[in-house]
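Chain residues, written in single-letter form:
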Amino acid sequence: MSKLSKAKDFKKSKSGTYLSIATTAFGAVSVVKQMKKARLENDTLRLIDATVSAAAIVTGLAILYRELKRLGDDDVLLG
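Residues numbered from 1 in each chain as written. Predicted model: local features only at pLDDT ≥ 70, side-chain atom pairs only at ≥ 80, totals over all residues. Heavy atoms only, no water.

*Asks:* What is the right way to look at the packing of helix H2 (residues 14-40) against helix H3 (residues 44-70) in this model?
*Replies:* The relative placement of two packed helices is expressed as an angle between their axes plus a distance between the axes. Contact pair H2 / H3: the axes reach a minimum separation of 9 Å and the direction vectors enclose 165 degrees. Comparing their axes, H3 and H2 come out roughly antiparallel. Handedness of the H2/H3 crossing: left-handed. Looking at the contact of H2 with H3, its residues break down into 14 nonpolar, 7 polar and 5 charged. (Axes fitted to C-alpha atoms, helices over the stretch in contact; angles between N-to-C directions. Helix = DSSP H or I, 4+ residues; strand = E, 2+ residues; numbered from the N terminus. Parallel < 35°, antiparallel > 145°, perpendicular 65-115°, else oblique. Left-handed = near helix turned anticlockwise from the far one by under 90°. Nonpolar A, V, L, I, M, F, W, Y, C, P; charged D, E, K, R; others polar.)

In structure tokens, the structure reads:
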């Protein structure tokens, strides 16, 4: 099995999906900082950019959550 194949398998695994969720959620920290800074500076364009980035993060997390459900995760938090 090649390294690329192993990487693809990990990405589609429960562990890989959890790691993707954590990484995506961690990105939300920088978006929150960007929003705060934009509000302080009354920078509408940066605020719009941060809002779009936040929407992308929410969408990404929803997709990853759906992937976990497809993998049949028995986690109590997922229902």
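*Asks:* Before we go on, may I ask you to explain the environment of Gly-60 in this structure?
*Replies:* As for its position among the elements, Gly-60 is in helix H3. Of the residues examined, Gly-60 reaches a relative accessible area of 21% and is grouped as partly exposed. Put simply, Gly-60 and Thr-24 are 36 residues apart on the chain and 7.3 Å apart in space, counted from C-alpha to C-alpha. (Buried < 20%, exposed > 50% of the residue type's maximum accessible area, 1.4 Å probe, protein only.)

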